[in-house]
Each structure stands twice: as structure tokens, then as C-alpha cells.
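Summary of structural features
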Amino acid sequence: MPPAPAVMTRMLRAPILAILAATFLSGGAIAQSGTTATGGPTLDLKFRPPDISPGPICVSPPGDDATLGFWQAWDKRALPDRDMADIRRDIRRLLQIDGAMWFGTATRAMDLLEEQDSDFFGETALLLRILALDASGRFAELTDSGLVQNLADLGPDLGPQGKTVLAGYLRSGLGIAQDEDRADALLIEAGFAGSSSALQALARRQLDGTAPADWIVPVELTVTTAFGALVGELGPDICERTVRIAEQYQWGGIVTPDIELAHDWFRFSADLGDGHAAWKVAQMHLDAEGFDRANDVMLRYLQKAASADLSYAQIELARVHERGALAPRDMGHARALYEDAARGGSVRGLSQLALFLGRQPTLSPEDHTRRIEVLTRLTEIEEAPGWAFAALAEITLEDEGRWAGAAKARDLAEEAVLRDTLDGHVILARILLATGDGVEDVDRAVDLLTRVASERGGAQPMSMLQAAHACVAPDGPHLSEMAFWQARERALGTQVHDHDQTPVTALDHGTHPLRLAAIQSEAIEASPVGLAEWQRILNVAPFATDGQRRLWSGYHAETDDLFIARAKVDLSLTNDPKAVDLIHAGLRARYLAAGPDFAGGLTPTLFDGIAGPKVRQNLSAEEDTALANMLHASAALGYGRAMQVLAARAPTHEARQALFAQYRPIIDADGDFAAQVFAAGLAQDADRDRYLARAAGTVPCTYRTAMEMVDLARDLSDRAGTDRWLAVAQALVENDPSQMTGLARARLSIDGRSAMPAALSLLTRASLLGHTPADREIFRIVVTPGSDVYDPERAADLIVQAADDAAFDRLSGYLSTYRDADDAVRARIAAIIDMQGILRVAAESGDATSMRSYGRLLRDDAQDADELAHAMTWLHRAAEAGDSFAMADYGEALAFGIGVPADRAQAVRWLDRAASRGSDRAAEITRLIRLSGQL
């Protein structure tokens, strides 16, 4: 039956309803148009917030992070020292977040509430216990408990909220026998009593056309009354109620979604002191979906939300100040906000503080310690993210050393892997490769890296996989697996240079478009080598403008890595000894200024260029002392290249042993690959094996480092190791003729004549790429009697071809070997070609190298003084043309009167010039002349 007119009148005159029609409902009929997200009809109703500004009156509840963190730490022995209403509120929120997970906590808290909370009885207690069972999915237990029936048994004492909840269970038949008629009656009673939940449920059924026949209130008035009931009277709980109106307009339900009205209701609640509503306002402006963003409004309400101790708002405001886009950049304020967000101990707050600290380019010791504290606290939480364990593993390796911290870092990385963090896979693989016990550990590392390469891609895991198969696997190299991952990496475009020998300054778009594009891409990514090459290209490229040169000259900060990369590029572009000396001097000055960590970027070749024996001859005692001090400082940090340079300076084996003893603690704790090589060369027995294993596990898997391991194995008389690393070097030889030639020489040096066929194959490949030293080696091999590749006819053909090509440097190399060959070989070649005729033509062309070779040939074949004097004229001409070898030869002739009158003063002048260009022989003759007192 519909309510009596008197009842309706009393209902409409109730305090809630009396203010509605005049205050909120805009005039005119209200159409039912629009739909919910699920397709149901909605009501177009513009129900606006009241135009009042009473100031903050709400008490904003803690955010979810704080709530979760607080109850996670609860020991369940006694209720926290908090207001009982707040505890009941927290229980409801925990059950809403994850009823199943928090059921035990909620049940224990409710048991304690029954003992201590005078308000926790009857309807209040029943509703919360029913919610706990329902939210946790314990439906059978809900039925068996009789709690819903107990709620029904309250009868007339049941309030509007209880009637609304009971109506729902009666309709569904969950926990109590189904009775839809009684459910409708209870819902109508609750609606007449002003229950917003009941009124909204009735409005939904009205819109769907399924409303009880006894509910005759127009739908517009039903919804208006429901919203009016939520507004109610101004009081501390008004924000919780008005936010529900905002959510209706945000997502839709019984009213058509209206983002502007949702924003206005959230803003109304925020102005009354609700921090959660303030966050919603800020979030709407941050997302700017459906209306124009107002940065000032966004910042104001974001600050309100942050002030309410909402960690997610604190984090977002911190990001704003960290980025400096929507507000002035203020790293101190950002740091304070991140610290506030982390104070509650939530995963999100701790994570964001740890990430913020990790983003800083440098950290003070105090901040570094703070980062470790935050990450450690984060990893102690059950649901901690895997990246936190990975980050802590990296820090452990950095702080404690790659060897001293390996066990602890491995445990952390294992946990990161269990939590499916790919960075953890990479770290654990790196530790396994460095410290593993054999094939099983290498195989596991390969599995980990394969997962990363397959899911995330990138050059790093693919490069590590190549190293695992080529260098680390004790039963390797695994050539097919290495080739597979090498091809995958090249497909990414990270190796498009393909060891093209063309200098970068000679590249052009017509013939090298891919290489130019790759270099520019690397420069954009701030790769030191790519940036150094691109800057040098722009210096000379016809397509480059002054604006481009200015842009790229300051594109990236002048880091040590960039400085070293530029030096490498510059060294590859010049053969001028003076230019090379200047580049090395610049590197040495940078090293002395930058500090000991600079050594980490220097190769053995660069170290030799800035600190080798020849360099030291030209340094003052003060400069040499400063350099030695810096080398010791680098060695103290575990940089093995510095140790190796210091060892080369040590005068005796005992001095080198003392150096090893001095730096052994850092080698054992954190020594790099070169440090392990250094230690292996000086350690004894079992210790040596450990250092060798560490070197093999951390070797930068390149041809040059493989050859370094070959040299180490040879020094240790380790034939098996020598063979293994020769095989690795063979696998790593790239399209680089100098590597092919170097490997051929190494094989010949180790295996002698039996290696000649394999060496000749390598040298032939290098020769086809235009590598002159390879041609010289080929000539030397084919004129070696008794070998499988002995071929004087081929040697003669090589000489003729070099002469025809006017390749005078190559020809000179052939003649050097020809002079050292035995008489039978020389006779056979001489019978095939006119050696003097070929060289004479080349010398007469004015080529200094050919003049020197011709002069040497004449000198070696001279039969009398006139012929010897004639030979010296060609050596003199070659010396005057700038050939340093001819300078040494001619200086020696002057010193001892060979074919020319003795003139020691002139001799020393020529010898000094040759010595300044690197001739050790000239320097030694000069020293002897001066010692003899003949000047």
C-alpha cells in the first residue's frame, strides 16, 4: 500500500527534505536520459553543492597506505590506543580493500571491541560482522552463523541502515530465507526514514522499471531526497557523505555522469576539510579529462591533500616539485614530502623515497646510508617489490665489493628473481658468471639472461649471453650459441659499425648512411663513443651547419667517459707522433685532475700512452711522482690496470710481489678483471686458481681481453688454458684485420710451423682488407723453408704486385724479410725477379720508404767501398725525406764510418731525430757514443 498522505506530508517536511527543493533542485521537469557504465538508464539531475563556505569542519581519515601500514604492524593482543569509532571505521575500510586478507585482523579486532566498546553491540556489531563474512567470501559461514537472522530479529529496533542491509539479504536469500516482499517493505520503510542508501536503491529500481508498487514517490524526488539525506547537517562526518554524491557524478549510477558536478562536490568536501576529496580535485586537474586544467587549483588542493598526510598526494606533490614543470623546482621540499610519505612505512611511500634517492646524480654519505635504510625497511615487508631487492644487491656489490659482497648480494638477487624482477635476473646472472662453480651455474645464468632478452630485449642481456657462451663457459666457446645472440644484438642496431675501417671523418651519406645514422642515434642517447664520433664528424662534414656544431658541442656534460671516448676517436684519426703525444698528455692531465676513478675507463693502450716507460722519459721528476701517486690511488680502489702499470715500473720480482701484497686486500674484495689477471700472475697454487677463475668470470668478452688471457696462460705455462683462450680469441675475431694478424702471430709464436696454414688463412683475410702488416707476415711465412706453406714464387709475386701498386710501405716490409731470409730463398726469389730493378724504380719515384729499402738492399749486397758509398747516398736521401728508420741507419753509418767519413757530431744529430720518433736502437747508439766520450 502507498503511504498515507499524512505520512508523505510528514516525510516531505522532515528537516532533510525541507531544504532540498528550494536549495538544490534546479527548476523544470527532469528527463530520464543517459545510461550507466553497464547500460542502465540514468537520471539527468543537476544537484549542486550549497553555496556556503563554513571552513574546515571534517576530520580527514588516514589514507589507505597509513591504514594498511598501521594494521599490518598490529600485534593482535590488545586494541590500539585509538578512538573506538576510528577502529570501527578502519575495520570497514580494510574489509573493503581485501576482505579475505584482512578477515582475521577484523575478527580479532571485533572480538576485542565487544569487550571494550560500549557502542559495539546490537545492530552496529551485527552489521560489521556480517560485512566481514560477506567481504571475505565466507558465504556458507555467514548462513551457518545466523547473524543475518539475528539482524532480522531486532524487529522494531532495527535502524534505517540495518533495514537497508537486511533488505538486500532477504532479496538474495543469502544468510536468511529469501523473502522479496519483506525486502521491499523494509527498503520502503528505510526510504521513508531518510536512508540515502535505501533511497538510491529505490531510485535505481525506479529507473529500471522494477520499483515496488508501494513506492509512489517520483524518481526525481527520490534521488533529490537521497542526495539531500547525504548532505544533512553540517558536522564532522558531512565530508564522508557528500563525497558519495561526488562519486555518483563521477562514475554514474542513478544520475548521469557529470565530471564538472563531480569536481564541484569533491571541491565542496575538500573545502570542508576532507583530504581525500582534495586529492580527487587535484587528480582531476592532473588528468584534465572532461574540463580544462587549472594549475593553481590543482596545486592548492594537492597541497591540502598532502597536508592531510595522504601518502599518494605527498608523492604527487613531491614529483611536481622535483620536475619543476607545474611549480618551481624545489628538491628540498620534494625530499621532505617523500620522507613524509614514507613515514607510515607503506610500500608505496618507502618505494617512492628510495626511487627519489636513487635518481640523484650524487648522494652524500648520509643520504646514501638513508637510501640503504629505506630499501632495507622496504625489503622487510612481505609484499615488497622485487626491484628493491635488486637495488639493494647492486648497492651491496658497490659498497662491500664485487667479491666481498657477492654472497649477500646473491641472496638479495635470488629474492628479486622470486618476485619476477628482470633486473634481479641480470644481477644474479652476473654474480653466477663471476663466482659460479662450473657448467651448472653458467647454464642457470644463461636461462636467466635468456628470459630477460626474450621479454625485455636490449643489448645488455644479449651481450652477457655472448660472453657466457664464448668466454665464461668452462667447456666453451659455444660458437653457435654465441653467434645466435651476436646476430640478435646486431639486429637491434647496436653493432652496425661492423668494424668498418673508414675513419669517421671520411664518412658520407652516399656510402655510409647506416653507420652515420647509427652514430647519430648513439649520440642522441648520450653514448660517450657515439657522441665523440658525431662531434668529430660534424667538425668536417659538409652537411653540418654552425648551429648544429654549437648544439652538439654542448649537448652533454663533459664527463670522464666522454673525454676518454673523444681521445680514443682522435687517436684513431692520426698517425702524427706529436698529435698522439698531445692527446696522451691531455689524458694524463685529466687523470691527475679527475682522480683515481678515471682509471676505470682507460685501456692498457691508453695507460701505456700516458704512463708507459717511453712517456716517463719526458716527464719531470715532480710530474712522474704525481703520476705514480695517482696510480697508487687507483690501485687502492681495485683498478688492475693501474696495478699493472705500477708492476711494470717495479725494478725486481720482489718489488712486484710487495706490490701484490700491498693491494691484495682490495683485489680480494673488489678487484676488477685486470686486478685478477695481475694477481694470478703473482699468486701461488690454489690462490692462483681462484684469481684465474675470477678473471674468467669477469672478463670483458672481447678479442683483446681473450688475448690477455692467452698471454697470462702462457706466462703460467698453462697449455690447456692457452689453448682454451686461443679458441676464444679465434671465436671473437671480428672484421678487424689487426685482430686477425695478431691472432696469426700468436698462433705462430705458440705452435710454430704447425700453425702456419691456419695463420696464413687469417693473414690472407687481413690482407684482403688492406692490412699492410698482414702482407708482411704472409711474406715471412711463405719464405720460411721447410714449412707446409713455403712458396718462393708467391713471395716473388707479392713483391711484383706491391711494386705495380706503388705500395711502397708494403714493399719495404717485404724487403726487410727478404734481407733476413737464407741464401737459398734469396737466390730463388732473385732468379724470378730483378729485386734491385724493382726497388730502384720505386726509390726514384721519391718515396722515402722505397729509398730506405733500396739503400738497405744496396748496402747488404755491396761488394766494395764504392757500392757501399752509393748505398749510403740513398739512405741519406731517405733520412732527409723523413724516414726515421733511415735516420737511424744513416746515423749509425756516420758514427762508425760505414760508407761515409765518420762524423759523430752529425751522427748524433740524426740518431737523436730517430730516437725522438721512437727508435730504441738510435737511442742506444747515441747513449754509447756519449759514454765513449767521442763527442
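An account of the accompanying structure is given in this report. (Residues numbered from 1 in each chain as written. Predicted model: local features only at pLDDT ≥ 70, side-chain atom pairs only at ≥ 80, totals over all residues. Heavy atoms only, no water.)

What follows concerns the overall build of the protein. Each helix and strand in the protein was counted, giving 52 helices and 0 strands. Its C-alpha atoms give the protein a radius of gyration of 43 Å, clearly above 30 Å, the size a compact globule of 935 residues would have. Viewed in the frame of its principal axes, the protein has a C-alpha envelope of about 145 × 60 × 55 Å. Across the 935 residues that make up the protein, the buried fraction comes to 48%. (Helix = DSSP H or I, 4+ residues; strand = E, 2+ residues; numbered from the N terminus. Rg over C-alpha atoms; globule rule 2.2 N^0.38 Å. Buried < 20%, exposed > 50% of the residue type's maximum accessible area, 1.4 Å probe, protein only.)

Further remarks concern the pattern of salt bridges. Oppositely charged side chains may form a pair once their charged atoms are brought near each other. For the coordinates displayed, the defined rule picks out 58 salt bridges. Where glutamate 414 meets arginine 444, a salt bridge forms, and the shortest distance between an N and an O atom there is 2.8 Å. Highlighted residues: glutamate 414 in helix α22 (residues 406–418) and arginine 444 in helix α24 (residues 439–455), separated in sequence by 30 residues. You can call glutamate 414 partly exposed: its relative accessible area is 22%. Notably, a salt bridge pairs glutamate 793 with arginine 828, separated by 2.9 Å at the nearest N-O pair. Of the two residues, glutamate 793 is situated in helix α44 (residues 792–804) and arginine 828 in helix α46 (residues 823–832); the sequence distance between them amounts to 35 residues. Glutamate 793 gets classed as partly exposed once you look at its relative accessible area, which sits at 38%. One salt-bridge network, in which partners are shared between bridges, spans Arg856, Arg859, Asp860, Asp889, Glu892 and Arg921. (Salt bridge = Lys/Arg side-chain N within 4 Å of Asp/Glu carboxyl O.)

There is a patch of nonpolar side chains on the surface, built from Ile524, Leu551 and Tyr555 and spanning about 280 Å² of accessible area. Turning to its location among the elements, tyrosine 555 is positioned in the loop between α29 (546–553) and α30 (560–572). (Patch = residues over 30% accessible without salt bridge, like charges linked within 9 Å, V, L, I, M, F, W, Y side chains within 5 Å. Areas by Shrake-Rupley, 256 points an atom, 1.4 Å probe, with all protein chains shown as cover.)

Attention now goes to the environment of arginine 810. Position of arginine 810 among the secondary structure elements: in helix α45 (residues 808–820). Judged by relative accessible area, arginine 810 falls into the buried class, the value being 18%. Sequence separation between arginine 810 and alanine 774 is 36 residues; the distance between their C-alpha atoms is 9.5 Å. Ignoring anything within four residues of it in the chain, the contact list for arginine 810 reads Thr772, Asp775, Gln801, Ala802 and Asp805. (Contact = heavy atoms within 4.5 Å.)

Taken together, the side chains of Glu440, Asp443, Asp447 and Asp475 make up a negatively charged region of the molecular surface. Residue position: aspartate 443 is located in helix α24. A relative accessible area of 40% places aspartate 443 in the partly exposed class. (Lys, Arg positive; Asp, Glu negative; His and termini not counted. Charge placed at Lys NZ, Arg CZ, Asp CG, Glu CD.)

This model, assessed by the stated rule, comprises 19 aromatic pairs. Their ring planes at 80° and their centres at 6.3 Å tell us that phenylalanine 660 and phenylalanine 678 sit as a pair that is edge-to-face. With a gap of 18 residues between them, phenylalanine 660 in helix α36 (residues 653–670) and phenylalanine 678 in helix α37 (residues 673–680) connect regions that are remote in the sequence. For the pair phenylalanine 660 and phenylalanine 678, one class covers both residues: buried. (Phe/Tyr/Trp six-rings, centres within 6.5 Å; stacked < 30°, edge-to-face > 60°.)

Tallied over the entire structure, the rule returns 2 disulfides. In this model cysteine 58 forms its disulfide with cysteine 239; the gap between the sulfur atoms is 1.9 Å. Where cysteine 58 bonds to cysteine 239 through sulfur, the torsion about that S-S bond is close to 85°, and the disulfide is right-handed. A residue pair is termed long-range when its members are at least 10 positions apart, and cysteine 58 in the loop between α3 (20–23) and α4 (64–72) and cysteine 239 in helix α13 (residues 238–251) qualify at 181 residues. The disulfide partner of cysteine 471 is cysteine 701, and the gap between their sulfur atoms is 2.0 Å. (Disulfide = S-S within 2.5 Å.)

Of note, the bond from glycine 476 into proline 477 is cis; its omega dihedral lies within 30 degrees of zero at 5°. Examined against the element boundaries, proline 477 turns out to sit in the loop between α25 (459–472) and α26 (479–491). Even without glycine at this site, aspartate 309 takes up a positive phi of about 65°. Turning to its location among the elements, aspartate 309 is positioned in the loop between α16 (295–307) and α17 (311–323).

We now examine helix α41 (residues 737–751). Between the first and last C-alpha of α41 there are 21 Å, a value that for 15 residues agrees with the 21 Å anticipated at 1.5 Å per step. Along α41, the positions that sit buried rather than exposed are Pro737, Gln739, Met740, Thr741, Leu743, Ala744, Ala746, Arg747, Leu748 and Ile750. Each element contacted by the buried residues of α41 is listed here: α39 (703–715), α40 (719–732), α42 (756–768) and α43 (772–782). In the stretch just after α41, glycine 752 is the one whose phi turns positive, near 65°. (Expected span 1.5 Å × (residues − 1).)

Attention now goes to the packing of helix α14 (residues 259–271) against helix α15 (residues 275–287). One way to put it is that α14 packs onto α15 with a least axis distance of 7 Å and a crossing angle of 140°. Where α14 crosses over α15, the handedness of that crossing is left-handed. Within the contact between the two elements, α14 uses Ile259, Ala262, His263, Phe266, Arg267, Ser269 and Ala270 and α15 uses Ala277, Ala278, Lys280, Val281, Met284 and His285. The residue makeup of the contact of α14 with α15, split by class, is 8 nonpolar, 3 polar and 2 charged. (Axes fitted to C-alpha atoms, helices over the stretch in contact; angles between N-to-C directions. Left-handed = near helix turned anticlockwise from the far one by under 90°. Nonpolar A, V, L, I, M, F, W, Y, C, P; charged D, E, K, R; others polar.)

Burial analysis of α37 places 8 of its 8 residues in the buried class, the great majority of the element. Turning to α37, its buried residues are Phe673, Ala674, Ala675, Gln676, Val677, Phe678, Ala679 and Ala680. Its buried side turned inward, α37 meets α35 (640–649), α36, α38 (685–698) and α39. Its side-chain oxygen at 3.3 Å from the backbone nitrogen of alanine 674, aspartate 672 defines the N-terminal cap of α37. (Polar contact = N/O pair within 3.5 Å; in protein donor to acceptor, adjacent residues only side chain to side chain.)

Below, the discussion takes up the side chain of histidine 285. Of note, histidine 285 is situated in helix α15. Judged by relative accessible area, which is 4%, histidine 285 ranks as buried. A distance of 3.1 Å separates a polar side-chain atom of histidine 285 from the backbone nitrogen of alanine 294. Excluding residues within four positions of it along the chain, histidine 285 makes contact with His263, Phe291, Asp292, Arg293, Ala294, Val297 and Met298.

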